[in-house]
Amino acid sequence: QVQLVESGGGLVQPGGSLRLTCAASGSIGSINRMGWYRQAPGKQRDLVAAITSGGTTDYADSVKGRFTISRDNAKNTVYLQMNSLRPEDTAVYSCNANVRRPGALSWNYYWGQGTQVTVSS
């Protein structure tokens, strides 16, 4: 089995910063794409940012220039540095990873449990 554990969420004032961390563990052969998604109350879950094992990144337009995704392949960990936070960034942020287990041919997506980010004065 594969587990993703997020940390780093919390309450922050508008204009502040937070850094989210997601660590993958368990039966992992290799990880391709890792990403962060968010879901606000009453809304669908949307992609925030993603990064491949080679370092290619993708961002939602709403966070470009404010958020930075990075990863440590040796630690199977992905980070999301969030700066200039706005109230509309308030949501549950979840980590996602595309994983191939040792000896397997197929890739599967796994999700973390999510961490709450609240931006409010």
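This is a predicted model, so every value here is computed, not measured. (Residues numbered from 1 in each chain as written. Predicted model: local features only at pLDDT ≥ 70, side-chain atom pairs only at ≥ 80, totals over all residues. Heavy atoms only, no water.)

Turning next to the pairing of strand β4 (residues 30-39). Pairing analysis gives eight bridges linking β4 to strand β9 (residues 91-100), with the strands arranged antiparallel. If you follow Gly 35 over to β9, its bridge partner there is Asn 96. The pairing of β4 with strand β5 (residues 46-51) spans five bridges and is antiparallel. For Met 34, the partnering residue across the bridge sits in β5 and is Ile 51. Linking β4 to β5, which pair antiparallel, is a turn of six residues; within it Gly 42 sits at a positive phi near 80 degrees. (Pairing = 2+ DSSP bridges. Helix = DSSP H or I, 4+ residues; strand = E, 2+ residues; numbered from the N terminus.)

This part is about the pairing of β5. Here β5 pairs with strand β6 (residues 57-59) via three bridges, running antiparallel. Along β6, the bridge assignment pairs Ala 50 with Asp 58. Taken together, β5 and the strand that follows it, β6, pair antiparallel across an intervening segment of five residues, in which Gly 55 is found at a positive phi of about 100 degrees.

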